[in-house]
Amino acid sequence: MRYGRFDDGAHEYVVERPDVPVSWTNYLGTKDFCTVVAHHGGGYSYYKSAQTGRITRFRQNGVPLDRPGKYVYLRDDDANDFWSVSWQPVGKPFLTEPGAAVPEDGSAGRWTSAHGTGYTRFESSYRGIDASQTVFVPLEDDLEVWDVRLTNTTSSPRSLTVTGYVEFSFHTITVDNQNLQMSLYSQGASYEDGVIEVDAYYEPWTFHYFTSAAPGGADPDSFDAMRDSFVGSYRDERNPLAVSVGQGSASQGTTQNHCGALMHRITLAPGESARLTYLLGYGSRQDSGLPMRAKYSDPAVVDREYAALVDYWRKKQARLRVSTPHAGMNSMLNTWTLLQAETCVVWSRFASFVEVGGRTGLGYRDTAQDCMSVIHSNPSKSRQRIVELLRAQTEAGYGLHLFDPADFDPDAPKLPDIPSPTIVPRGDRSSLIHGLEDTCSDDHLWLVPTICEYVKETGDVGFLSQEFTYAEGSSGTVWEHLERALDFTSQQVGANGVALGLRADWNDGINLGGGETALVTFLHAWAIRAYLELAAPLGRTDAVERYEAELARLADVADKELWDGRWWRRGITRDGVLIGSDQNTEGRIFLEHQAWPVIGGITTRERGIASMDAVHELLASEYGNHLNWPAFTQVDDTVGFLTRVYPGIKENAAIFSHPNAWPIIAEALLGRGEQAMAFYDSILPSRQNDNIEVREAEPYAYVQFIYGRDHERFGLAQNPWLTGSSGWMYTAATKYILGVRPGLDGLVIDPAIPKDWDGFEVRREWRGAVYDITVRNPEHVEHGVGRITVDGVELASGTTAVPVAEPGTTVTVEVTLG
Ligand code: GLC
């Protein structure tokens, strides 16, 4: 069953039926103000941190689903009937027949919503009133705008009451959820000059506001700032008292729960339209609310800010635009996967509808991987994240698994310290640095290739010689940081020469503590190879020999200890038992490490192909590759926590999306374009657009995992948006299937595609120049570049790297495969 469609021209996903089984979300905001919003209007906002900068509330796991939100109620004051522009929370019946006329008696209406890049728009038609509400976060101002437009399509004049409504939260979400006796009594809300301001009394620098701009500059006709007065006892957002009667009660005051409810009476002549703006913002009434109300009272300003936001995304999309014979790939790469990957880099992991702000900070491995994919579209944010990771690397070389970048940033603004009535545990720097017992064996390794990608994308080789502090406070150049990361893993080696497992590796559920992990040995090889790709040409000659020797050692260990005959073993427990071997009865084969010997270049083509064939044979499904097989049913703590997880769920034999990208890369490097595409396609969200009764989740976003075949809900997709799969899928598809990837001295073009493709086009901006690339496949091969011309001049035979072009120029690159 389908609920919507991709509109590639507008870079939107249009939800055509509102009763989607679960909320389909979008992320708004590019800088400090973030909104997570569902297709039905539910969602919440925060400033900088979903945990400590919370602005509006969200009832996690609530019934009914996903409230409250960004609601505009429309009330027909003659008929005493009301509805919501976004369908929820009032939830009036809706028409399902395409093109059916909306009855004027209020028995049904029509709703759609569209998620776009940086905005979400709700559209409704009910009782002859066409309405739209576009929610967006402008590029520079710390606020969310709701652009509301109404048209009377009937032949009679209409009297409406329009109510914009948000429920404020206490700003620290853990206190809001766990310590009501504090949050209820330490926040207030007041109304003045058309602005509702919420203040945290004990923290006189924390303010949020809600305001509106109506035609003719009119102030609201009524308002409520106290939630319970607006909603009324024994009611909820579906039928709030103030909307039922068409009049707010002018409630305001200190303590209790607060809301922003601003009600405007509007009369529309037949055919007449009106436009109102609501603003939800960070800051005080005086400093922010009133100036922003004045600014956004001018509809031309609303239009200008919206246009600037759209343009911001169009420019990012233009950095890499693809046109292939695969419509789903085009939709996903040109809009959604890029947006999702950027979202992970900008907002990290802890703000969604399943993670509602209870945690904060950056995960070391997730952040290091995420920012690898968007260096071309967001170099400044990627660099910022890389620097944050460097500063959270210990002198020993490992990374702090979860950290708050502000703790290691000498320039982070410090808020005033207030005397607290209770004891708040505070740590000095040293207590933030965990020891080996909490170290994951992989975290630091991801940073090495990420920094190498950063240099290859930007050409900024000088970055490698810049100095940054380690977590303890001493400093070293980026080169030294990279070498310490590589050396840490060289030192953490078990009895068989394989990397020690430590607390976990990429797989949080593999907790080998004392055992050995093949995955990390393979990642180590990949990281060394990435380092050597720069170190050798950039003259770090002393180190090169040492790392080449280590790479050779790793290849030898892999060959002797880790090849199982048909695939790569996963590791060895501290008791010497093999994991991920044909000898096992459960967990005989794992997915997440099979690709790395190929990507890290430490195996033969033969073994690479054998291991990929095993993945196709034993792990593949119509929804993607399973993480392991068979699922564990027996608890084994020497393997790890995943043996305590239901079969088919998360790390125990679900289709975990993130490592699904890696075999795509391996297949492409092996030159098997058909197989690479089969892997890419099987888990591609857009392929499930008409299978929502099974998938449930958004068909435009990757999810963390999909229920595996051992579970009766096989195919159900969970935890959308904040997953490393978005960045990795973007990388796998653009750099390896389409094969356009920056090197140190040239733009490599080495596609691995399905045979039936006649070709494809890519527009790539790189180091200030534009590369208009056309790939032709006259002989219908899956791999192999026959000829490349640049502005008509043929490159030497065997060269796949297009030389760096002058900034500001556009070069035409024609590639013939075969
Ligand atoms: C989650 C974590 C990630 C981990 C993965 C596999 O996605 O965020 O760090 O690698 O699970 O366990």
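Structure's up top.
Residues numbered from 1 in each chain as written. Predicted model: local features only at pLDDT ≥ 70, side-chain atom pairs only at ≥ 80, totals over all residues. Heavy atoms only, no water.

A. Looking closely at the overall build of the chain. The secondary structure content of the chain amounts to 20 helices and 41 strands. Taking 2.2 N^0.38 as the reference for a compact globule, 818 residues should give roughly 28 Å; the C-alpha atoms of the chain span a radius of gyration of 28 Å, in line with that estimate. For the chain, the C-alpha atoms occupy an extent of roughly 80 × 65 × 55 Å along the three principal directions. Counting over 818 residues, the chain shows a buried share of 62%. Within the chain, counting contacts between residues at least 6 apart in sequence, those at least 24 apart form 68% of the total. Carbon and sulfur atoms make up 49% of the accessible area of the chain, which amounts to about 29,000 Å² in all. In the chain, which carries 71 positive and 109 negative side-chain charges, the distance between the mean positions of the two groups comes to 1 Å. (Helix = DSSP H or I, 4+ residues; strand = E, 2+ residues; numbered from the N terminus. Rg over C-alpha atoms; globule rule 2.2 N^0.38 Å. Buried < 20%, exposed > 50% of the residue type's maximum accessible area, 1.4 Å probe, protein only. Contact = heavy atoms within 4.5 Å. Areas by Shrake-Rupley, 256 points an atom, 1.4 Å probe, with all protein chains shown as cover. Lys, Arg positive; Asp, Glu negative; His and termini not counted. Charge placed at Lys NZ, Arg CZ, Asp CG, Glu CD.)

B. A look at the pattern of salt bridges. This structure, assessed with the given rule, holds 61 salt bridges. Between Arg-227 and Asp-228 there is a salt bridge; the shortest N-O distance is 2.8 Å. On the basis of relative accessibility, which here comes to 43%, the residue Asp-228 falls in the partly exposed class. Taking the shortest distance from any N to any O, the salt bridge between Arg-570 and Asp-505 comes out at 2.9 Å. Of this pair, Arg-570 sits in the loop between helix 14 (541-562) and strand 27 (571-572) while Asp-505 sits in the loop between strand 25 (499-500) and strand 26 (516-517), placing them 65 residues apart in sequence. For the pair shown, Arg-570 and Asp-505 are each scored as buried. Linked by salt bridges that have partners in common, Arg-57, Arg-59, Arg-67, Glu-167, Asp-176, Arg-227, Asp-228, Asp-236 and Glu-237 make up one network. (Salt bridge = Lys/Arg side-chain N within 4 Å of Asp/Glu carboxyl O.)

C. Seen up close, the side chain of Glu-698. Looking at where Glu-698 falls in the secondary structure, it is placed in the loop between helix 19 (692-695) and strand 32 (703-706). Buried within the structure, Glu-698 lacks any salt-bridge partner; Arg-695 is the closest side chain of opposite charge, at an N-O distance of 6.2 Å. Engagement of the side chain of Glu-698 in a polar contact is seen with the backbone nitrogen of Thr-25, the distance being 2.9 Å. Not counting chain neighbours up to four residues away, the residues in contact with Glu-698 comprise Ser-23, Trp-24, Thr-25, Pro-685, Pro-720 and Trp-721. (Polar contact = N/O pair within 3.5 Å; in protein donor to acceptor, adjacent residues only side chain to side chain.)

D. Looking closely at the site of the ligand. Within the structure, the ligand sits among Arg-365, Asp-366, Trp-506, Asn-507, Asp-508, Glu-651, Phe-656 and Gln-704. At 2.7 Å from an oxygen atom of the ligand is found a side-chain nitrogen or oxygen belonging to Asp-366. For the ligand, an oxygen atom lies 3.4 Å from a polar atom in the side chain of Gln-704. Considered on its own, the ligand offers 300 Å² of accessible surface; in the complex 87% of this is hidden by protein. Its residues assigned to classes, the shell around the ligand shows two nonpolar, two polar and four charged. (Near = heavy atom within 4 Å. Nonpolar A, V, L, I, M, F, W, Y, C, P; charged D, E, K, R; others polar.)

E. Molecular detail of the sheet that holds strand 5 (residues 43-47). On the basis of which strands lie adjacent, the open sheet formed by three strands has the order 3-4-5 and antiparallel pairing. Where the open sheet ends on each side, the last strands, each with one partner, are strand 3 (25-28) and strand 5. For this sheet the average axis-to-axis angle between neighbouring strands, irrespective of direction, equals 10°. Of the strand pairs in this sheet, strand 4 (residues 33-38) and strand 5 are connected by five bridges, and their pairing is antiparallel. Bridging from a neighbouring strand, Val-36 pairs with Tyr-44 of strand 5. (Pairing = 2+ DSSP bridges. Axes fitted to C-alpha atoms, helices over the stretch in contact; angles between N-to-C directions.)

F. A look at the sheet that holds strand 34 (residues 740-742). With antiparallel pairing, the three strands of this open sheet are ordered in space as 34-35-40. Edge strands, defined here as strands with exactly one partner in the open sheet, are strand 34 and strand 40 (801-803). Adjacent strand axes in the sheet meet at a mean angle of 30° when their direction is disregarded. Pairing of strand 34 with strand 35 (residues 746-749), which is carried by three bridges, proceeds in the antiparallel orientation. Bridging from a neighbouring strand, Val-740 pairs with Ile-749 of strand 35.

G. Inspection of unusual backbone geometry at higher detail. Looking along the chain, the bond that leaves Val-63 and enters Pro-64 is cis, with omega of -5°. Residue Pro-68 is bonded to the preceding Arg-67 through a cis peptide linkage, with omega at -10°. Here Pro-68 shows up in the loop between strand 5 and strand 6 (71-76). Even without glycine at this site, Gln-256 takes up a positive phi of about 70°. You can call Gln-256 partly exposed: its relative accessible area is 35%. In this model, Trp-721 sits at a positive phi of 80°, which is unusual for a non-glycine residue. Locating Trp-721 in the fold gives a position in the loop between strand 33 (717-720) and helix 20 (724-737).

H. Representation of the environment of Arg-787. Along the chain, the position of Arg-787 falls in strand 38 (residues 785-790). In this structure, Arg-787 is in contact with Glu-794, Glu-814, Val-815 and Thr-816, ignoring residues within four places of it in sequence. Here the side chain of Arg-787 touches Glu-794 through a polar contact of 3.1 Å, side chain to side chain.

I. Looking closely at helix 18 (residues 673-682). Taken residue by residue, helix 18 has Gly-673, Ala-676, Met-677, Phe-679, Tyr-680 and Ser-682 as its buried positions. Tucked inside the fold, the buried residues of helix 18 contact helix 7 (327-347), helix 16 (605-618), helix 17 (661-669) and helix 20.

J. Geometry of the packing of helix 17 against helix 20. Two elements in contact, helix 17 and helix 20, have axes separated by 9 Å at closest approach and are oriented at 10°. Considered as vectors, helix 17 and helix 20 are oriented roughly parallel to each other. Between helix 17 and helix 20, the residues in contact are Ala-661, Trp-662, Ile-664, Ile-665, Ala-668 and Leu-669 and Trp-728, Met-729, Ala-732, Tyr-736 and Ile-737, respectively. (Parallel < 35°, antiparallel > 145°, perpendicular 65-115°, else oblique.)

K. Geometry of the environment of Phe-705. Within the secondary structure, Phe-705 sits in strand 32. Judged by its relative accessible area of 5%, Phe-705 falls in the buried class. Along the backbone, Phe-705 and Ile-683 are 22 residues apart, and their C-alpha atoms lie at a distance of 10 Å.

L. Expanded view of the pairing of strand 32. Judged from the two bridges that link them, strand 31 (residues 655-656) and strand 32 form a sheet pairing that is antiparallel. Looking at strand 32, one finds that Ile-655 is bridged to Ile-706. Where strand 32 meets strand 33, three bridges bridge the pair, whose relative direction is antiparallel. If you follow Phe-705 over to strand 33, its bridge partner there is Gln-718.

M. Spotlight on the side chain of Asn-625. For Asn-625, the position within the fold is in the loop between helix 16 and strand 30 (628-629). A residue is classified by how much of its surface remains accessible, and Asn-625, at 1% relative accessible area, is buried. Reaching out from Asn-625, the side chain makes a polar contact with the backbone nitrogen of Ala-620 at a distance of 3.5 Å. The residues touching Asn-625, leaving out its near neighbours within four places in the chain, are Leu-591, Val-615, Leu-619, Ala-620, Ala-654, Ile-655, Phe-656, Asn-660 and Phe-679.

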